[in-house]
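# Structure at a glance
Read off the chains here:
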Amino acid sequence: MSNHASKMDDGTSFRLGEARPGDRGVILRVLAPTLQAASALDPHELELRLLEFGFVEGAHVEVLHEGLLGGDPIAVKVDDMRVALRREEAMNVILTPEAS
Amino acid sequence: MTESAIATFALVGNPNCGKTALFNALTGGRQKVANYAGVTVERKEGQVLLPDGRRIRLVDLPGTYSLRARSPDEAITRDAVLGRLKDEPAPDVILCVADATNLGLVLRLALELKATGRPVVLVLNMIDIAERQGVVIDIQALSEGLGAPVAATVATRKRGLQPLLEIAAAQIGRGAGEGGPNASWREPSTADVRAAHRRARDLMRATVRPPSRPDTFTGRLDDVLLHPLGGVLVLLGVLFLMFQAVFTWAAPAQDLIEAGFLALGSASAAVLPAGWMTGLVVDGLIAGVGSVLIFLPQILILFLFILLLEDSGYMSRAAFLMDRIMGGAGLHGRAFIPLLSSFACAVPGIMSTRVIDSRRDRLTTILTAPLMTCSARIPVYTLIIAALIPDVRIGGFLSLQGLVMFGLYAAGILSALAVAFVIRRVFWRGGGEPFMMQLPDYKLPEPGNLARELGQKAWAFISRAGRVILPLMVLVWVLSTWPAPPQGAEGPPISYSAAGQLGRWLEPVFAPIGFSWEMVVALIPGMAAREVAVAALGAIYAVGGEEGALAEILARQWSLASGLAFLAWYVFAPQCVATLAVVRRETGGWLWPLVMFAYMLGLAYGGAFLVFQGARLLGGG
């Protein structure tokens, strides 16, 4: 993941897949190709699905809850909608922090 | 009725937008549920009277976020909208149903639907909740911005239905003659989706004022229900309540059905002439249908719980809480619902795997669903446990019999997890399908919709009992009755029948797992439905239907090792033709039912062998 971190615009942006409950941000980028081939989907398909669930550049995201084991999956609020997803897929959503 | 319909309207929308409530409100009782040709996606169609007296056909299409289909359900929605289904006229007007409190995603879907070239009407459903939250929607501006008429409704209170129908009726005939609809539709690229999102967002900003009193109820409830630990505890409590209900609330109704069929049987026996005719009607038809319908109360209670959990919005929370736990075994979070249903009966469980998008995840769930202890195993477990397990209490309060029953349930669950694990880690390695699902706002289920859905489920079960299980029961009866024993023959008549001869012929195969020929014979009619083995054992040991007496006979005739092996066999054995038939239908071929049959048979034989030989070593022979 380190080589991807360098692609980020500044030091403050973070991945949704690494966020904790309470974290908020605005989506900077949705980048499926950073995925480490862990999913059954090809990156393009995953990007489309994220987009279709409202993970699109400029959307406001807040992490609400996380699961018991390994804090996975996470429940997030994307604009006005609550969505559950795994951290693995959420790694492809890059946020810039937003004050609570 | 269909001939007089002048047009077809189709309901399209995101899941949980109140689409089905709108369908029910518009069609009232005038609807029919069937499957689409060749696939088992539920097809709901109804007739609606327009304000001007003309009739239209209304089709309720499966919920979707996009016309880019991922699951079989969504493929039906796409093909229906594009008019690609055989024998299905393309819709004249598409009613795009939106949850008025949550417009963001559906506006993008509406734009995608408009791109098909067919007339679209945007329906802002649940407008009352949006108003209560202080959402203000400029309908005029929204309609202009979208380029489609907009109507506001409250389906559950039947508000706004007539204006909606007037607006939609005005759209009939538009959209044709523009070089043909669909010509412009293609699968959207990521850039298209982003552009549509931007348009949808601009539209939202210009026409919708966000809620001044946003709903905080869902958030507060989620703080409890999605709490990492508390949420899991609540879920376990809900499941416990559900099983209690299935087994205790259903009992009086089941007793009533059993008594009713017994009375019907003896009444028929009194009227019909003695001979094979009576045997076929009383033992084959009436007892056969009765042995299946007796599960109707349990299945109805189970479905009532499942519908309540779904309609209230809790089911997706349960999938969220279970995703990681089941994911450890290679199962998808959404497999939770089908596996839960399989505790009543694997047939509806397997049918509900349609909510799983990926074929591999779906097949894994289908293959493991029959290992869940379905209600048909209960009579068999109860009989064998009563016969062979001493009624003692361990430590003064834990019943040994209850403990064995619990162990059998646990064996089913653990083996299902183990099988899923083997399938996903050995045969289908590689990443799983992403788990992504909407967590809808909580809402009170609407009793009318609940009753209607429950009625449809009940009818589906009854008609299947008639079409699939009844002919099998008759076949089993014939095999266990003919050929008739010769004059002056000794022993139970069934031992001379085709089933009896087959049992004797198979006896050597089952000797290593401790089954006598009587037990083997009981397995043969048990193929049609597991619980029939109880009646078959009764017939073989030539006693009446009285269970206590049969249990005493088994206690004398069977060794503990054989009895335990029989239980182990029943945990795994693929003894249900209805399940295999539904797997064939859902997977579209004989490959997967055969795989299921083979692996379950292997597990049953292996499990019974280990139990029998182990119990003998420990002195239970």
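Read on for a plain summary of the structure. All values reported here derive from a predicted model rather than from experimental measurement. Chains are numbered independently. Their residues run from 1 in the order of the written sequence. Just so you know, chain letters begin at A and ligand numbers begin at 1, following the order they were written in. Reporting of local features is limited, given that this is a predicted model, to residues whose pLDDT is at least 70; pairs of side-chain atoms are given and counted only at 80 or more, and all residues count toward the totals for whole chains, interfaces and linings. Computation of side-chain values: all heavy atoms of the structure, hydrogens and water removed.

## A short note on the pairing of strand S4 (residues 55-60) of chain B
Residue and element names in this part refer to chain B. Going by this rule: Accessibility here uses a 1.4 Å probe with only protein chains present; expressed as a share of the type maximum, an area under 20% marks a residue as buried, one over 50% as exposed, and anything in between as partly exposed. Labels follow the DSSP assignment, with helices taken as runs of H or I lasting at least four residues and strands as runs of E lasting at least two, numbered in each case from the N terminus. Two strands form a pair only when DSSP identifies at least two bridges running between them.
Most of S4 is tucked away, with five of its six residues classed as buried. Both strand S1 (residues 5-13) and S4 contribute to a ladder of five bridges, which runs parallel. Considered in S4, the bridge of alanine 5 is made with arginine 55. Counting the residues in the hairpin turn of strand S3 (residues 42-49) and S4 gives five residues, including glycine 53, whose phi is positive at 95°.

## Observations concerning the pairing of strand S2 (residues 24-30) of chain A
All names here are of chain A. Of the pairings in the sheet, the one linking S2 to strand S3 (residues 60-66) comprises three bridges and is antiparallel in character. In the sheet register, arginine 24 faces S3, and the bridge partner there is glutamate 62. One ladder, built from five bridges, connects S2 with strand S6 (residues 93-97); its direction is antiparallel. Opposite glycine 25, over in S6, you have proline 97 as the bridge partner.

## Looking at the side chain of Arg78(B)
We count it as follows: By definition, residues are in contact when any of their heavy atoms lie within 4.5 Å.
When you line up the elements, Arg78(B) lands in helix H2 (residues 72-81). In this structure, Arg78(B) is in contact with Leu67(B), Ala69(B), Arg84(B), Trp185(B) and Glu187(B), ignoring residues within four places of it in sequence.

## Looking at the nonpolar core
Residues and elements named next belong to chain B. Using the following cut-off: Joining through side-chain atoms within 4.5 Å is the link that ties buried Ala, Val, Leu, Ile, Met, Phe, Trp, Tyr and Cys residues into a set, and such a set is a nonpolar core.
Among the nonpolar cores identified, the biggest contains 121 residues, and Phe515, Leu554, Trp558, Phe566 and Trp569 are the most heavily contacted of them. Counting residues per element, this core draws most heavily on helix H11 (residues 296-312), which supplies nine residues. Once residues within four sequence positions are removed from consideration, tryptophan 569 is found in contact with Phe510, Ile513, Phe515, Leu523, Gln575, Leu601, Ala604, Tyr605 and Ala608. Grouped together as the second largest cluster of nonpolar side chains are 38 residues, Val81, Val120, Leu142 and Leu203 included.

## Description of the sheet that holds strand S4 (residues 74-78) of chain A
Heads up, the condition is: Where helices are involved, their axes are fitted lines through C-alpha atoms of the stretch in contact, as for all axes, and angles between N-to-C directions lie from 0 to 180°.
If you trace the seven strands from one edge of the open sheet to the other, you get S1(A)-S6(A)-S2(A)-S3(A)-S4(A)-S5(A)-S12(B), paired in antiparallel fashion. For this open sheet the edge positions go to strand S1 (14-15) of chain A together with strand S12 (436-438) of chain B, each flanked by a neighbour on one side alone. Strand direction decides the pairing type here: S1(A) and S6(A), joined by two bridges, are antiparallel. Each bridged residue has a counterpart across the sheet, and for Arg15(A) the counterpart in S6(A) is Ile94(A). Across the sheet, helix H2 (residues 43-52) of chain A is in contact with S2, strand S5 (81-85) and S6 of chain A together with S12 of chain B; its angle to S12(B) comes to roughly 15°.

## Details of unusual backbone geometry
Following Asp72(A), the chain continues to Pro73(A) via a peptide bond in cis, the omega torsion being -5°. Take Pro73(A): it is sitting in the loop between S3 and S4. Phi at Met126(B) is positive, roughly 55°, even though this residue is not glycine. With relative accessibility at 11%, the residue Met126(B) sits in the buried group. Its identity is not glycine, yet Lys158(B) carries a phi of approximately 55°, on the positive side. Mapping Lys158(B) onto the fold places it in the loop between strand S8 (150-152) and helix H6 (161-169). Given a relative accessible area of 54%, Lys158(B) falls into the exposed group.

## Observations concerning the pattern of salt bridges
Heads up, the condition is: The salt bridge criterion pairs a side-chain nitrogen of Lys or Arg with a carboxyl oxygen of Asp or Glu, the two atoms within 4 Å.
A full pass over the atoms with the stated rule returns 24 salt bridges over all chains. Note that Glu66(A) and Arg87(A) form a salt bridge whose closest N and O atoms lie 2.7 Å from each other. A residue pair is termed long-range when its members are at least 10 positions apart, and Glu66(A) in strand S3 and Arg87(A) in helix H3 (residues 87-90) qualify at 21 residues. Judged on exposure class, the residue Glu66(A) and its partner Arg87(A) are both buried. We note a salt bridge from Glu453(B) to Lys44(B), for which the minimum N-O separation is 2.8 Å. Residue Glu453(B) is found in helix H18 (residues 447-481), and its partner Lys44(B) is found in strand S3; the two are separated by 409 residues along the sequence. With respect to class, Glu453(B) is no different from Lys44(B); both count as buried.

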